[in-house]
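Chain and residue survey
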Amino acid sequence: MKLHIYEHCPFCVRALMIVGLKKLPVEISVIMEGDAETPTRMVGRKVVPILEKDDGTYMPESMDIVRYVDGLAPPRVTDAPVDEAIKQWCESVSTPLFNLAIPRFTEGDFAELATTEARRAYTAREERAFGDLAALRAQTPALLAQVNAQLNALEPLVAGRRAIDTTDFILFPLLRSLTIVKGAAFGPQVSAYIERVSTQTQVALLSAQAK
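Residues numbered from 1 in each chain as written. Predicted model: local features only at pLDDT ≥ 70, side-chain atom pairs only at ≥ 80, totals over all residues. Heavy atoms only, no water.

An unreviewed UniProt entry annotates the chain as Glutaredoxin-2 of Cronobacter turicensis.

Section: the side chain of T167
To keep it simple, the criterion reads: Where helices and strands are cited, they refer to DSSP runs of H or I of at least four residues and of E of at least two residues respectively, numbered from the N terminus. Only protein chains enter the calculation, and the probe is 1.4 Å; a residue is then buried if its accessible area is under 20% of its type maximum, exposed if over 50%, and partly exposed in between. Any two residues whose heavy atoms approach within 4.5 Å are treated as being in contact.
Relative to the helices and strands, T167 is located in the loop between α7 (140-158) and α8 (168-178). Given a relative accessible area of 1%, T167 falls into the buried group. Here T167 is in contact with P81, V82, D83, I86 and R161, once residues within four sequence places are set aside.

Comments concerning the sheet that holds strand β1 (residues 2-5)
In any sheet, the strands associate via hydrogen bonds between backbone groups, in a parallel or an antiparallel arrangement. Our working rule: What makes two strands pair is DSSP finding at least two bridges between them. Lines fitted to C-alpha atoms define the axes, with helix axes restricted to the stretch in contact, and inter-axis angles between N-to-C directions lie between 0 and 180 degrees.
Taking strand neighbours across the sheet as the criterion, the four strands line up as β2-β1-β3-β4 in an open arrangement whose pairing is mixed. Edge positions in the sheet fall to β2 (27-30) and β4 (58-60), since each of these pairs with one other strand and no more. Mean inter-strand twist for the sheet, computed between neighbouring axes without regard to direction, equals 20°. As judged from the four bridges shared by β1 and β2, these two strands associate in the parallel manner. Bridging from a neighbouring strand, L3 pairs with I28 of β2. Along the sheet, helix α1 (residues 10-22) contacts β1 and β2; its crossing angle with β1, the most-contacted strand, is approximately 155°. Across the sheet, helix α3 (residues 62-70) is in contact with β1, β3 (50-52) and β4; its angle to β4 comes to roughly 125°.

A look at the domain arrangement of the chain
Operational definition: An automatic or database domain assignment is the source of the domain bounds shown. The buried area of a pairing is the accessible area, by a 1.4 Å probe, that goes missing from both parts when the two are put together, added over both. In the sections that follow, a salt bridge refers to a side-chain nitrogen of Lys or Arg positioned within 4 Å of a carboxyl oxygen of Asp or Glu. Polar contacts here mean pairs of N or O atoms no more than 3.5 Å apart (in protein, one a potential hydrogen donor and the other a potential acceptor; neighbouring residues in sequence count only if both atoms are side-chain atoms).
Considered domain by domain, the chain is made up of domain 1 (2-71) and domain 2 (84-209). Each partner contributes to the interface: domain 1 provides 20 residues, whereas domain 2 provides 27 residues. Across the domain 1 to domain 2 interface the summed buried area is about 2000 Å²; carbon plus sulfur atoms make up 69%. Contact with domain 2 buries area across many residues of domain 1, yet H8, M17 and E33 alone supply 36% of it, more than any other trio. Counting across the domain 1 and domain 2 interface gives one salt bridge. The closest approach of N and O atoms between E33 and R125, which form a salt bridge, is 2.5 Å. At the boundary of domain 1 with domain 2, the tally comes to nine residue pairs in polar contact (both at pLDDT 80 or more). Those elements that provide at least two residues to the side of domain 1 that touches domain 2 are α1 and α3.

Here we look at the packing of helix α4 (residues 84-106) against α8
This is how the line gets drawn: Between 65 and 115 degrees an angle is taken as roughly perpendicular, under 35 as roughly parallel, over 145 as roughly antiparallel, and anywhere else as oblique. It is the rotation of the near helix from the far one that decides the hand of a crossing: anticlockwise by less than a right angle makes it left-handed, clockwise makes it right-handed.
Where α4 meets α8, the axes come as close as 9 Å, and the angle between the chain directions of the two elements is 30°. Here α4 lies roughly parallel to α8, going by the angle between them. Crossing geometry of α4 relative to α8 is assigned as left-handed. For the pair α4 and α8, the contacting residues are I86, W89, C90, L97, F98, L100, A101 and F105 in the first and I170, L171, L174, L175, S177 and L178 in the second.

See below:
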């Protein structure tokens, strides 16, 4: 099998998590930003992640991929429903979190941005979605204040979490995105959670790129 991704993409992180957790021999292929032809040829639209199965068929949609790969090797980890309190936390923090992460993603060291043309295409795409990225970057202090307050509220919600389950495929990709933001105040419980899930799923954090 082959998994087609962007390295920065939180939805792709979901697929990478299950592949790493199950330790399956899946080839990772990065699609360049600005390349609409490749994913459109596979699934009819520009989207990632895409799982290319051994039979030559393609599967888009991150959680569909997670559940499919989960079924290939026991034990299953995605049968339980998502923790409602954590789901609500994710929904409440997503806007300020991505307002912080997106400008930094456009400057990041990712394989899909390895050419000037690809980085320019990605930046233009995000500016259409988020507006002036420099202006957004200037809002960092206010956005950090919001996100750090939310991170403090997350501490008790992750304190008892150990084994990977469905909830982690919703929560961890958001927190991994936030590791590219210098000044994100991860408390002891959240820090331990991020490191544990990163290790178990073999998905690297972005801390080395934090700015």
